[in-house]
Amino acid sequence: MSSFSPPIKEITAILLGKTGYGKSATGNTLLGFDRFEVVHAISMTSITKIIHYESNTINGLKWNVYDPPGLMNSDRSVVEDIKTAVDDMSKVMRICHERNHGGIVFLLIYNISSTFTAEDRKTYEVLESIFGNKNFWNRCVLVLTNLDTLEGTFDEWLSSQRGSFTELKAKCGENVVAVCNRDNNDERRTMKRNTRDELQQVILRRARVAPSYTLKEFNSFENVRKNLVLQYELPSLETDYNRKINEIKEERLRVKSRRDREAVLQKIAILKDRIVEKDNGTGKLRTYMDSLDLEIQSRRDPWCVIL
């Protein structure tokens, strides 16, 4: 008995990539007209500050395209980047759910003219933590921009790649497409049209074979996202908590009355509550909680001589 797959009527493409890699331009190519504002290659500051959405129906198939701000923006710190990425991706998934936009496929945008760096790898690892592992990669297509700048053939370039790039390609199930987003001459117009058709076919194939990615699945990785942010915040948190605990220790030694003692105990309680909330059950900040408990339990003078 053969299984029947209903025809796909709608695809939702979410564009993911670093600033300057051609994310917005790829969205324009996919839609068939220019709607997303494009950042110039010489700039590393993202033009896209909010989540942009456009759609177009091509050959009876509706394409929903979401263009969130670029990842790992050079004008932000790493911690700000991670927090912003988590917030932006949460908004995208919520909007898709509210608009009932299904058939989500993630397009990982990479500039074929660039050298694959440790920062690039970190960007895609962050995305994996934000969206989860297996089903996220099952819905991914790796899109390489600036095909028109490549010397030699794309197949030659692809076979020459090694290391982290080939690992990324494998995670996407070898679903890799190179596109030309420029159409300022006849050759590029033809290349752009042909690569758009190929991109759409690969996205459709990806959507047919993998389970849908839903808001419910995204929400199931909430704790993973919190742990991700905490991981990058740890150095500054440790510095802050060590300073505050040392201040409490010094203040404890200056206690002269019951009121002084209660004031210090209140500071300890407030700080511990904040640490517990930030720790979120990971145990990464357990040392600081234990240190505050020791301050409460300490029997050294003059802490407990006040009756």
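Scroll up to find the structure this text is about.
Numbering of residues starts from 1 in every chain and runs along the sequence as written. Selection of residues for local features in this predicted model requires a pLDDT of at least 70, selection of side-chain atom pairs for listing and counting requires 80 or more, and totals for whole chains, interfaces and linings are taken over all residues. For side-chain calculations, the full set of non-hydrogen atoms in the structure is used, while hydrogens and water are omitted.

Considerations on the overall build of the chain
Then step 1. When helices and strands are tallied, the chain shows 11 helices and 6 strands.
Then step 2. Our radius of gyration looks at C-alpha atoms and nothing else; its globule reference is 2.2 Å times the residue count to the power 0.38. Here the chain has a C-alpha radius of gyration of 25 Å; the compact-globule value for 307 residues is 19 Å, and the former is much larger.
Then step 3. The buried share among the 307 residues of the chain stands at 45%.
Then step 4. Across the chain, contacts joining residues at least 24 apart in sequence account for 72% of those joining residues at least 6 apart.
Then step 5. Within the structure as shown, the chain displays about 16400 Å² of accessible surface, and the carbon and sulfur contribution to it stands at 48%.
Then step 6. A positive count includes Lys and Arg, and a negative count includes Asp and Glu. His and the chain ends are not counted in either. A charged residue contributes its charge at one atom only: NZ of Lys, CZ of Arg, CG of Asp or CD of Glu. When the 47 basic and 43 acidic side-chain charges of the chain are each reduced to a single mean position, those positions are 4 Å apart. Elements are defined by DSSP. Helices are runs of H or I of four residues or more, strands are runs of E of two residues or more, and each kind is numbered from the N terminus. Relative accessibility decides the category of a residue: with a 1.4 Å probe and only protein chains considered, values under 20% of the type maximum give buried, values over 50% give exposed, and everything between is partly exposed. What makes two residues a contact is simply this: any of their non-hydrogen atoms within 4.5 Å. Using a 1.4 Å probe, accessible areas were evaluated by the Shrake-Rupley method; residue-level cover was limited to the displayed protein chains.

With respect to the pairing of strand E3 (residues 61-67)
Then step 1. The buried count for E3 comes to 6 of 7 residues, which makes it a mostly enclosed element.
Then step 2. Summarising the sheet, strand E2 (residues 52-58) and E3 pair through 7 bridges and their orientation is antiparallel. Note on E3: the bridge partner recorded for Glu54 is Val65.
Then step 3. Strands qualify as paired when DSSP identifies two bridges or more between them. From the end of E2 to the start of E3, which pair antiparallel, there are 2 residues, and Asn59 there has a positive phi angle of about 55 degrees.

Remarks on the nonpolar core
Then step 1. The definition of a nonpolar core used throughout is a set of buried Ala, Val, Leu, Ile, Met, Phe, Trp, Tyr and Cys residues joined through side-chain atoms within 4.5 Å. Counting 67 residues, the largest nonpolar core has Leu107, Leu108, Phe131, Phe136, Leu144 and Phe154 as the members making the most contacts within it.
Then step 2. Beyond its immediate sequence surroundings of up to four residues, Leu107 is in contact with Ala13, Ile14, Leu15, Leu16, Leu30, Val141, Val143 and Ile203.
Then step 3. Formed by 15 residues, the second largest nonpolar core is a distinct cluster that contains Leu237, Tyr241, Val264 and Leu292.

Re helix H9 (residues 222-252)
Then step 1. An ideal rise of 1.5 Å per residue puts 45 Å on 31 residues; H9 reaches only 38 Å between its terminal C-alpha atoms.
Then step 2. Approximately 55 degrees is the largest bend angle found in H9, and it occurs at Leu234, with the proline Pro235 only one to four residues beyond.
Then step 3. Those residues of H9 that sit buried are Arg225, Leu228, Val229, Leu230, Glu233, Leu234, Leu237, Tyr241, Ile245, Ile248 and Arg252.
Then step 4. Packing partners of the buried residues in H9 comprise helix H2 (78-98), helix H3 (118-131), helix H8 (215-219), helix H10 (258-279) and helix H11 (286-297). In this scheme, a helix's expected span is set at 1.5 Å multiplied by one less than its residue total. The term bend refers to the angle at a residue between two fitted axes, each drawn through seven residues, those ending there and those starting there.

So, the side chain of Arg225
Then step 1. Position of Arg225 relative to the elements: it lies in helix H9.
Then step 2. Arg225 sits in the buried class, given a relative accessible area of 2%.
Then step 3. For Arg225, the residues in contact, after removing those within four places along its chain, are Val86, Ser90, Ser129, Ile130, Phe218 and Asn219.

Concerning the packing of H2 against H3
Then step 1. Where H2 contacts H3, the two axes come as close as 11 Å, and the packing angle between them is 45 degrees. Between H2 and H3, the interaxial angle falls into the category oblique. For the pair H2 and H3, the sense of crossing is right-handed. Residues Val78, Ile82, Ala85, Val86, Met89 and Met93 of H2 lie in contact with H3, whose contacting residues are Lys122, Val126, Ile130 and Phe131.
Then step 2. Split by residue class, the contact of H2 with H3 holds 9 nonpolar, no polar and 1 charged. Here the axes come from fitting lines to C-alpha atoms, over the contacting stretch only for helices, and the angles between their N-to-C directions go from 0 to 180 degrees. Each angle gets one of four labels, with under 35 degrees taken as roughly parallel, over 145 as roughly antiparallel, 65 to 115 as roughly perpendicular, and the rest as oblique. Crossing handedness is defined as follows: a turn of the near helix away from the far one that is anticlockwise and smaller than a right angle gives a left-handed crossing, while the clockwise case is right-handed. Side-chain classes are defined by residue name, with Ala, Val, Leu, Ile, Met, Phe, Trp, Tyr, Cys and Pro counting as nonpolar, Asp, Glu, Lys and Arg as charged, and the others, Gly among them, as polar.

Quick notes on the environment of Leu144
Then step 1. Relative to the helices and strands, Leu144 resides in strand E5 (residues 140-145).
Then step 2. The class of Leu144 is buried, set by a relative accessible area of 0%.

Some remarks on the sheet that holds strand E4 (residues 104-111)
Within a sheet, neighbouring strands are paired by backbone hydrogen bonds and run either parallel or antiparallel to one another.
Then step 1. What the 6 strands build is an open sheet, ordered E2-E3-E1-E4-E5-E6; its pairing is mixed. Looking at which strands have only one partner, the edges of the open sheet turn out to be E2 and strand E6 (176-178). In this sheet, neighbouring strand axes are inclined to one another by 25 degrees on average, regardless of whether the strands run parallel or antiparallel.
Then step 2. Seen against the sheet, H2 touches strand E1 (10-17), E3 and E4 and runs at an angle of roughly 175 degrees to E1.

What to know about unusual backbone geometry
Then step 1. Phi is positive for Asn59, close to 55 degrees, though the residue is something other than glycine.
Then step 2. With respect to the element layout, Asn59 can be found in the loop between E2 and E3.
Then step 3. Taking relative accessible area as the criterion, Asn59 reaches 80% and is therefore assigned exposed.
Then step 4. In this structure, Asn280 is a non-glycine residue whose phi angle is positive, near 55 degrees.

Quick look at the packing of aromatic side chains
Then step 1. Note on aromatic pairs: the rings of Phe, Tyr and Trp (six-membered ring only in Trp) are paired at centre separations within 6.5 Å, and the planes decide the class, stacked below 30 degrees, edge-to-face beyond 60, tilted for the rest. Counted according to the given criterion, the structure contains 16 aromatic pairs.
Then step 2. Here Tyr110 and Phe165 contribute two aromatic rings whose centre-to-centre distance is 5.8 Å and whose plane-to-plane angle is 45 degrees, an arrangement assigned as tilted. You can see Tyr110 sitting in strand E4 and its partner Phe165 sitting in helix H6 (residues 164-171), a full 55 residues away along the chain.
Then step 3. Relative accessible area serves as the criterion here: at 1%, Phe165 is assigned to the buried category.
Then step 4. Consider the rings of Trp157 and Phe165, whose centres lie 5.3 Å apart with planes at 80 degrees: the pair is edge-to-face.
Then step 5. Look at Trp157 and you get buried, because its relative accessible area is 12%.
Then step 6. Taken together, the ring pairs in this structure connect Tyr21, Tyr110, Phe116, Tyr124, Phe154, Trp157 and Phe165 into an aromatic cluster.
Then step 7. Two thresholds decide whether a charge sits over a ring: the Lys NZ or Arg CZ must be within 6 Å of the ring centre and within 35 degrees of the ring normal. Its end group placed over the ring of Tyr53, Arg99 keeps NZ or CZ at 4.7 Å from the ring centre.
Then step 8. Over the ring of Phe218 we find Arg225, and its NZ or CZ is 3.7 Å from the ring centre.

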